[in-house]
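A closer look at the structure
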Amino acid sequence: MIRINENYGKLQSSYLFSEIAQRVNRFVDANPNKDIIRLGIGDVTRALPSACIRAFHEAVDELARDSTFRGYGPEQGYLFLREKIAHHDYMTRGADISPDEIFISDGSKGDTANIQELFSLDSRVAIPDPVYPVYLDTNVMAGRSGSFHNGRYEGIVYLDCTQDNGYIPAPPHDHLDLIYLCFPNNPTGATISSPLLKEWVDYAREHRALILYDAAYVAFIRDPDVPRSIYEIEGATEVAIEFRSFSKTAGFTGTRCAYTVIPKNVMAYDSTGKPHSVHDLWNRRQSTKFNGVSYPVQRAAEAIYSDEGRAQIVELTSYYLDNATLIRNELLAAGLACVGGIHSPYIWVKTGMDSWSFFDHLLEKAGVVCTPGSGFGRCGQGYVRISAFNSREQVKQAMKRISEVLLT
Ligand code: MLT
């Protein structure tokens, strides 16, 4: 008799964004004439930058000729892309990262989900609350938690991110092994300052812990003093893995391309206390389980590092940031407290009612989809997240409808 992985039985019924999609689909089936505006899942709506499209086409043409055709690429990604990333995203900001410390992948969702495979099942795992649900769900699937009670899994250390701490958790006094951080934060939009990030790096060094730093939304930071990378913090190359994505930076949510940085100095320990290179473990994992991202996609990603591409992604992300400003201002004018939306495409809104009830209310009355805050963790109860990823016209229309619903 084949038996299931019973850890799956501990999970909440479905993945947050699948649950939202199901509810929206049911609503659309019941109300086929209702116009729905989607500000839920953070999925981009604008076209890929023209620099990427051109590179994409050229790479496809290369595949059309025997003389330039390419089959399997390196599992770690092509060097042409890894070199551009190391130079532009790290070296120019004083972070000492080399191309062979970068692994190209098909998305940070998969990488942040899979990285936990490398670490022992009895690791003490800390996860912010609220946060992107993939970190928690994948640790539950792997068996690092007990059962779910009162909105939380036993055995997981939750880092509360609330109005009181400005949505930025501080290191605890007791011991942790694996620490997930996400800045700019999904869902609250909070950014972390260098001194606060240094507290985490110092903590990790002292405890021989590892920080998993998700920087998927880094392209939305506009303040030069906000750190782009954890490797801008001294000592971080020994204790941190960083995840970055082209999804929100350059509109690659459907195209799929991201990367994970594992400096060669990052160590994890076996039961005798002997250090092992996490870079080597991930390389072993990737070469066994992954065959790389397609050549045209990597060429398209490379194009964002050209002068033209860099200007285009600033324009692209600024468009969504302008949407975010509009959303923030309209919600504040309608009397709702909110944060985020400044160095982030997400606005975190205090609703004064149960998150799912507010979600249903907006869907039914305004035809607008948001994301219930409680789906990101217990501290998200009473909040919703509104995404700025949509056209200006749709955002304006959504805000008009929301204001009408809230003010009547
Ligand atoms: C979100 O809406 O939180 C993101 O789009 C989800 C993701 O990037 O997988």
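For clarity, every value in this text was computed on a predicted model and none was experimentally measured. (Residues numbered from 1 in each chain as written. Predicted model: local features only at pLDDT ≥ 70, side-chain atom pairs only at ≥ 80, totals over all residues. Heavy atoms only, no water.)

Quick notes on the sheet that holds strand S13 (residues 338–340)
Strand order in this open sheet of 4 strands is S13-S14-S17-S16, and the pairing throughout is antiparallel. Where the open sheet ends on each side, the last strands, each with one partner, are S13 and strand S16 (371–372). Across 5 bridges, strand S14 (residues 346–350) lies against strand S17 (residues 383–387) in antiparallel orientation. The residue bridging Trp 348 from the neighbouring strand is Arg 385, located in S17. (Pairing = 2+ DSSP bridges. Helix = DSSP H or I, 4+ residues; strand = E, 2+ residues; numbered from the N terminus.)

Notes on the site of the ligand
Residues in close proximity to the ligand include Phe 17, Ile 41, Gly 42, Tyr 132, Asn 186, Tyr 217, Lys 248, Tyr 346 and Arg 385, which together make up its full environment. Take Tyr 132: an N or O atom from its side chain is 2.6 Å from an oxygen atom of the ligand. Within the complex, 84% of the 270 Å² of free accessible area of the ligand lies under protein. Grouping the amino acids of the shell around the ligand by side-chain chemistry returns 5 nonpolar, 2 polar and 2 charged. Each of domain 1 (13–42 + 308–407) and domain 2 (52–305) gives at least three residues to the shell around the ligand. (Near = heavy atom within 4 Å. Polar contact = N/O pair within 3.5 Å; in protein donor to acceptor, adjacent residues only side chain to side chain. Areas by Shrake-Rupley, 256 points an atom, 1.4 Å probe, with all protein chains shown as cover. Nonpolar A, V, L, I, M, F, W, Y, C, P; charged D, E, K, R; others polar. Domains from an automatic or database assignment.)

Regarding the packing of helix H10 (residues 307–333) against helix H12 (residues 392–407)
Following both chains from N to C, one finds H10 and H12 inclined at 10 degrees, their axes separated by 10 Å at the closest point. Overall, the two elements H10 and H12 adopt an arrangement that is roughly parallel. Residues Tyr 319, Asp 322, Asn 323, Leu 326, Ile 327, Glu 330 and Leu 331 of H10 form the contact with H12, whose participating residues are Arg 392, Glu 393, Val 395, Lys 396, Met 399, Ile 402 and Ser 403. Tallied by class, the residues present in the contact of H10 with H12 amount to 7 nonpolar, 2 polar and 5 charged. (Axes fitted to C-alpha atoms, helices over the stretch in contact; angles between N-to-C directions. Parallel < 35°, antiparallel > 145°, perpendicular 65-115°, else oblique. Contact = heavy atoms within 4.5 Å.)

Examining the packing of aromatic side chains
Applying the stated criterion to the full structure yields 23 aromatic pairs. Arranged with centres 5.7 Å apart and planes meeting at 85 degrees, the rings of Tyr 132 and Tyr 135 form a pair that is edge-to-face. Taking the relative accessible area as the measure of exposure, Tyr 135 reaches 1% and is therefore buried. Site record: aromatic cluster; members linked through ring pairs are Tyr 90, Tyr 231, Phe 246, Phe 252, Tyr 259 and Tyr 305. Just above the ring of Trp 356 sits the side chain of Arg 23; from NZ or CZ to the centre is 3.9 Å. (Phe/Tyr/Trp six-rings, centres within 6.5 Å; stacked < 30°, edge-to-face > 60°. Buried < 20%, exposed > 50% of the residue type's maximum accessible area, 1.4 Å probe, protein only. Lys NZ or Arg CZ within 6 Å of the ring centre and 35° of its normal.)

A word on the domain arrangement of the chain
According to the domain assignment, the chain consists of domain 1 (13–42 + 308–407) and domain 2 (52–305). With 31 residues of domain 1 at the interface, the matching set in domain 2 holds 39 residues. Where domain 1 abuts domain 2, roughly 2700 Å² becomes buried across the two surfaces, and 58% of that area is made up of carbon and sulfur atoms. Of all residues in domain 1, the largest losses of buried area upon contact with domain 2 belong to Tyr 15, His 343 and Arg 378, amounting jointly to 25% of the total for that side. Inspection of the domain 1/domain 2 interface yields 1 salt bridge. The residue Glu 308 makes a salt bridge to Arg 54 at a minimum N-O spacing of 2.5 Å. Our enumeration of links across domain 1 and domain 2 arrives at 16 residue pairs in polar contact (both at pLDDT 80 or more). Breaking the side of domain 1 that touches domain 2 down by element, the ones donating at least two residues are H10, S13, S14 and S17. In terms of residue count, the dominant contributor to the side of domain 1 that touches domain 2 is H10 (10 residues). (Buried area = accessible area lost by both parts, 1.4 Å probe. Salt bridge = Lys/Arg side-chain N within 4 Å of Asp/Glu carboxyl O.)

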